[in-house]
Structures are given as structure tokens and as C-alpha cells.
Amino acid sequence: MASLVSPQDQYVTEFNENYETTCWGCGLHVMIPSCATVFKCGWCGAITDQSKKESDQKFFRWRRLRDQCFISVVIIFMLFVLCGGVWAVYPVVFSISFLWGTLHIIITAILAILTFSSFSLAAFRCAGTPPNILWGSYPTVGKGDLENYSFCHYCSKPKSPRAHHCRSCRKCILDMDHHCPFIGNCVGAANHRSFVAFLMSAVLSTTYVAVMATHAGLHVWPPWSFSLESSKGLSGTYLGLRIVGEISAALLTSALRLSARGLVLVYLFISSVSLLIGLSVLLWQQLSYIYQGQTYLSQLSSQGDKEEKKDCQNLVRFFGFQYSLARFLPIFGVTRKKHVKLNNHVL
């Protein structure tokens, strides 16, 4: 190390000598200043961060146990809503008409299949691992083959710019959005669509449960009444408060006479409305990130950087509609091609 002193001896600037190190990506020797902890290889493009050291997986078992508990609770709750809803609602529905009851059984079966299948795909499918790539030696690594790749000290292998290491899953996830304990899995490139489909089907299912629980609850709720004799002589705010108090007391009194079916309906209504609010917010957040062409983690890491292009085509590509409607209309497509060729011939 050497130091440079200004003529006025007021400022001292220190500079470090260069030293030789090895790029993890291609194995070539590079010269960098000793003060540099992060450098990029000029040949393969790999990024080396010498300040990061290999870390142990602390609390990994506790994270996995937490995820397993959450998955068990979610599955038990969904089964309870399905079985309890059928037991509590459908006697009331079939009492109206057999055709009406059959229609609601079909709707219930469709929503249940969609919700359970999308949940299974999101929870038990691999979230998406980065593809294997050659690294470590110069002859096999070409110029720019590891552009902006970094080295994951947890997995001990290259990590692409689109990947993020999850300590709960103990592996790198491609296009990772977040780790969701309720599905016990990361949301990444391979299961992101299934996760959004699960949110959509869950929102539809909770809406349906809330509506049907309200409909059945109105049929099984015990009769109740209230009196406004004690509110005579009151007006304005005091009259409104007295009316609300009388109605609340009458409802609570009648609720004490509810049957087991009625109590299940009340629980289904409260839980479904609560979940509907939370799931709707989460679904809106996910769709907004997809519209922006980002994930939750990429949005956090790109704060202050150039924003991605916001376009509805991001939603179209995400859900797999890669082709325009004209592709599925061959007659229109052939006619249009002939019309273009004819115009070109005339010109």
C-alpha cells in the first residue's frame, strides 16, 4: 500500500496495489485493486462478491416445520368449508327445489376441483430451478456465457440474474416472487401461474360460500323482534343509537337459540368474508406486479432503477395466451393474406 500526500499536506489519499485473484466462472486470473470486494470478469461476465462467505442454514428445520403446519391447517380448513358447507347449506337448498339443489352441487364441485387442484400444483410442484450451466474452467466457458451470473454460496453453483436463493426451500428459485408459508413453497417461474389460479379460485369460492351461507342462514335463523317503546321522546343521534342497540340485543338473543347448523353457517360467513378481503388484496397485488412485468422481489431490488414496460401484454403472456385471435380464425387469416397479396400485385 502506498499513500499520496498533497503539496499542502492537508489531504492524504491512499490507494491500494493490485493483486491477482481467480474468477469462479471461468477460472481465469484477473488483476483487481485490493480494496475491491466485487468485480466482474471481462471474459465470461461472471460477478464475484468476495465479501459474501458461505453461510450455514440456521433454523431450516423450524422453517420446514412451520410450512408443514401451515399446509395442514389450510387443507383442514378447506375440507371443513367444503364438508361443513354441504352439510349446513344443501338441506336448505334442496328444500326449495331438486333442480336448484343439483345446480348448486355442480357449482360446488367445479369450485372445489379448481381450488384443490390449483393449490396442489402451487404447493407440491417445484417452483422452478435455474438451468444447469457449464462453469469453472476456461476452455468450456465462452465469452459472455455467464453474463451477470453470481455465485450462490448456499448451493455452491452459479446463480442467474433472474434467480434468488430461498433459505426455507434451501435452493435457488428462478423468477422468485416470494416464499409463501401457506403453500409451504416458493412462488417462482414454474408455479406462479398455479398460485394466481389458486387465488382466483379461492376468491370465487369464498364469495360463493358467503352468499350461500347468508341465503341458508336467513332460512334457519330463529325469529326475533325488538321494541322501540323505550326510545320514545328521543331524537337524532340518541334515537339512532337506541335503535342499533335494540336490534343488536335482539339478534344476540336469537343467536343463542341457533342450532348447530346455524352456528356453522355463521362461522362460514365470517371466515369466508374475512378471507375474501385478504385474498382479494393479495390477488390484486399479484396482478399489478404481473402487469408491470415484475415480481415482488424484482420490484424491491429495482427501486430507483428504470421501470419495466407496463402493458396488458404482460398479463397475456403470463397466462399463456401467446397468439392473437386471428391465429384461431384460419378462414379470416387466409382471406386477409389473399387480400394483401392482391393489393401488392396491383401496386
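Anything mentioned here points back to the structure above.
Residues numbered from 1 in each chain as written. Predicted model: local features only at pLDDT ≥ 70, side-chain atom pairs only at ≥ 80, totals over all residues. Heavy atoms only, no water.

Student: So what exactly am I meant to see when it comes to a nonpolar patch on the surface here?
Tutor: Where nonpolar side chains cluster on the molecular surface, the patch consists of Phe59, Trp62 and Leu65 and spans about 390 Å² of accessible area. Checked against the element boundaries, tryptophan 62 lands in helix α1 (residues 60-96). Overall, tryptophan 62 belongs to the exposed group, its relative accessible area being 61%. (Patch = residues over 30% accessible without salt bridge, like charges linked within 9 Å, V, L, I, M, F, W, Y side chains within 5 Å. Areas by Shrake-Rupley, 256 points an atom, 1.4 Å probe, with all protein chains shown as cover. Salt bridge = Lys/Arg side-chain N within 4 Å of Asp/Glu carboxyl O. Helix = DSSP H or I, 4+ residues; strand = E, 2+ residues; numbered from the N terminus. Buried < 20%, exposed > 50% of the residue type's maximum accessible area, 1.4 Å probe, protein only.)

Student: Sorry, what's going on with the nonpolar core here?
Tutor: Here is a general trend for soluble globular proteins: nonpolar side chains tend to be buried in one another's company. With 19 residues, the main nonpolar core has Phe119, Ile183, Phe195 and Leu199 as its most contacted residues. Broken down by secondary-structure element, the contributors of at least two residues to this core are α1, α2 (98-124), α3 (192-220) and α5 (260-291). With 6 residues, the top contributor of residues to this core is α3. When sequence neighbours within four positions are dropped, the list of residues in contact with leucine 199 reads Leu279, Leu282, Leu283 and Gln286. Ala88, Val89, Val264 and Leu268 belong to the second-largest nonpolar core, a separate cluster that totals 15 residues. (Core = buried A, V, L, I, M, F, W, Y, C linked by side-chain atoms within 4.5 Å. Contact = heavy atoms within 4.5 Å.)

Student: Would you explain the pairing of strand β4 (residues 29-33) in this entry?
Tutor: When a strand is regular, its side chains alternate between the sheet's two faces. What you see with β4 is a clean split: Val30 and Ile32 sit on the buried side and His29, Met31 and Pro33 on the side with no burial. Looking at chain direction, strand β3 (residues 18-22) and β4 are connected through 5 bridges and run antiparallel. In the sheet register, threonine 21 faces β4, and the bridge partner there is valine 30. Adjacent in sequence and paired antiparallel, β3 and β4 are bridged by 6 residues, among which glycine 27 carries a positive phi angle near 80°. (Pairing = 2+ DSSP bridges.)

Student: I keep staring at the pattern of salt bridges and nothing clicks. Help me out?
Tutor: A pair can form between side chains of opposite charge whenever their charged atoms are brought close. Enumeration over the complete set of coordinates arrives at 4 salt bridges. Two residues, arginine 64 and aspartate 67, come together in a salt bridge whose shortest N-O distance is 3.6 Å. With arginine 64 and aspartate 67 both in helix α1 and 3 residues apart, this pair spans about one turn of that helix. We note a salt bridge from arginine 66 to aspartate 67, for which the minimum N-O separation is 3.1 Å. Taking relative accessible area as the criterion, arginine 66 reaches 34% and is therefore assigned partly exposed.

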